[in-house]
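Inside the fold
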Amino acid sequence: MLVLSLCSLCFALPGSVGAADDLDLGGVTEKHEMVPMRDGVKLSCWLYFPPGEGPWPVLYEQRYAGSRAAGTRKSLASLASHGYVVCLENFRGSQESEGVWDGYRALGWGEQQDGYDTVEWLAKQPWSTGKIGTFGSSQAGFAQNFLAVTQPPHLVCQYMIDTGLSLFHEGYRIGGSVRAERFKGMAAVCRVPEHNDQVLKTWDEHPDYDEYWAQEDCTRFIHKMNVPCFTVGSWYDFMNVGSIDSFVGRQHRGGSNSVGRQQLIIGPWRHGRFNKGTKVGDLEYPENAAFDMQPHMIRWFDHYLKGVDNGIEKETPVKYYVMGAVGETDAPGNVWRTAKDWPVAAQETAMYLHGDGALSTAKPENETGSTTIIADPENPAEIPGRGFPGAADARDFEKQENVLTYTTEVLEEPVEWTGLVKADLLVSSTAKDTDFIVRVCDVYPDGRSILIVDYIRRARYRNGFDKPELLTPGEIVPVKFDVGWMSQIFNRGHRIRVTVASTGAPFFEPNPNTGAPPSHDLTKPKVVAKNTVYHNSKHASRVLVPLRPASTR
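Residues numbered from 1 in each chain as written. Predicted model: local features only at pLDDT ≥ 70, side-chain atom pairs only at ≥ 80, totals over all residues. Heavy atoms only, no water.

1. A short note on the overall build of the protein chain
Basically, it comes down to this: Going along the chain from the N terminus, every DSSP run of H or I of four or more residues is numbered as a helix, and every run of E of two or more is numbered as a strand. Each radius of gyration is computed over the set of C-alpha atoms, and the globule rule expresses the reference value as 2.2 Å times the number of residues to the power 0.38. Whether a residue is buried, partly exposed or exposed follows from its accessible area with a 1.4 Å probe, protein chains only, as a fraction of its type maximum: under 20%, in between, or over 50%, in that order. Contacts were defined at the residue level, with two residues in contact if any of their heavy atoms lie within 4.5 Å. Values of accessible area rely on a 1.4 Å probe in the Shrake-Rupley scheme; residue burial ignores everything except the protein chains shown. Only four residue types enter the tally: Lys and Arg on the positive side, Asp and Glu on the negative side, with His and both chain ends excluded. Charged side chains are reduced to one point each, which is NZ for Lys, CZ for Arg, CG for Asp and CD for Glu.
Tallying secondary structure elements over the protein chain gives ten helices and 27 strands in all. The C-alpha radius of gyration computed for the protein chain amounts to 25 Å, which stays within 12% of the reference 24 Å derived for 553 residues, consistent with globular compactness. C-alpha extents for the protein chain along the principal axes are approximately 80 × 55 × 45 Å. The proportion of buried residues among the 553 residues of the protein chain is 59%. In the protein chain, the share of contacts with a sequence separation of at least 24, taken over all contacts with a separation of at least 6, comes to 75%. Total accessible area on the protein chain stands at roughly 21200 Å², and carbon and sulfur atoms take up 50% of it. Side chains of the protein chain give 56 positive and 68 negative charges; the mean places of these two sets differ by 2 Å.

2. Some remarks on the side chain of His494
Among the structural elements, His494 can be located in the loop between strand 23 (477-490) and strand 24 (495-501). Judged by relative accessible area, His494 falls into the buried class, the value being 0%. Ignoring anything within four residues of it in the chain, the contact list for His494 reads Ala325, Glu328, Glu409, Val410, Leu411, Asp442, Val443, Tyr444 and Pro445.

3. Things to note about the pairing of strand 23
Definition in use: Strands qualify as paired when DSSP identifies two bridges or more between them.
Most of strand 23 is tucked away: eleven of the 14 residues are buried. Note: strand 20 (residues 415-429) against strand 23, 13 bridges, orientation antiparallel. Within strand 23, the position partnered with Leu426 by the bridge is Pro478.

Here's what the structure looks like:
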């Protein structure tokens, strides 16, 4: 341990393991502390102290990702320089934290409540005012929802970016699919990598949504969330459903200190904290698309943790970016709108899939009509990478075999969709189980097909994730699911495209199609499925879209 230099601090600071380099943090002091939990396990916390004399309010982030990268340390020091102690803590069993890695399981309302314990420890330190705010994105967003449910007395407010509520629905399973390679890789964050093997084994013992998964589902306890929170969502993020549901739930069903005190912003960005600018995928949005997050975050915390009367709490609850075509003169959209609540009013409108590849509001009139695709888990259609490839040209996927596209005629006038897109497919399969993927794209006059939103549904979960029901080969059944939230004005001269497929690897790891329980063992037997999508007068597959007439814009 290094000898502490108290210098300008008027309170004794925690022990330090020292930094391995001389990184300039602009006068901010960096210290390390192993903070004890209720069961004696100690978690690794890196603390950043501003210059001057305290005590100070505390900003707290929980995550499993590493904390020692120069960019991370400078970012935390920058926050601290505004008059806060900043604490970055690693989950139990990750990085330098003691204990057994079990994902997010120790963060919530069970026997272990690591977030609660840390907040109360931070509040009792002599350098703390006792007022704690939390921040962070993705993993640190999930952690904040877990923490809010436990109601630590000294938690005052939160700031979440690209967050989630239920780890079964928005993390470990997406639409019921298994993300094996993604979570095998979590061994890299573990203090003991072998702990991750046991986690995956346990998950395989709980293939469906049951009491085990309910212990990591914050939607069950929205009513216990009782602090003001600012939530950032991103249109090009499959977790945007979590950001929106967090806002809506807290705003309407939270505690008395939560209802009516939430704010939400949704912009044209991908998943992440430091990417809320103008360049997104293949697109360059106007300058107004950028969100300078840190100054806004400081204003939020200044008000709630320092009592600064800056008016931020009075701002409109919802601000959302209506996306439009980029690079086109006078294209409508690419503007911010405000709303008192979410969702905004829209007309749910059916867009039907037709056998000739058309997409229109007209229901098919032919008595027969269907298209069959092959779902071969050993030879899947390809969607490269593990991150959602929104705002990028999807033609490489669309031109592959066993990928269906349905496209409108060229639009004579702009068309706006703002709200939730839903899939309502009528399908059959030769297999006992299979997947269906639905995507929505904006097709530019030059042919680019820009992906906006997509989602997957495993057929066995078509009637609920808690009651799997295998397919009867050849039987036509409905598969209905939410594709996602969006706000887009499709410009005149563009077309709207809906894509349907059953594979898209490695982004969506293929279903083995056997009907066996979902598993992280990708070597298990597999079968080829022939999946049929119906588009006739009796069985009319469609998407339900949130149409906003021009008069409402």
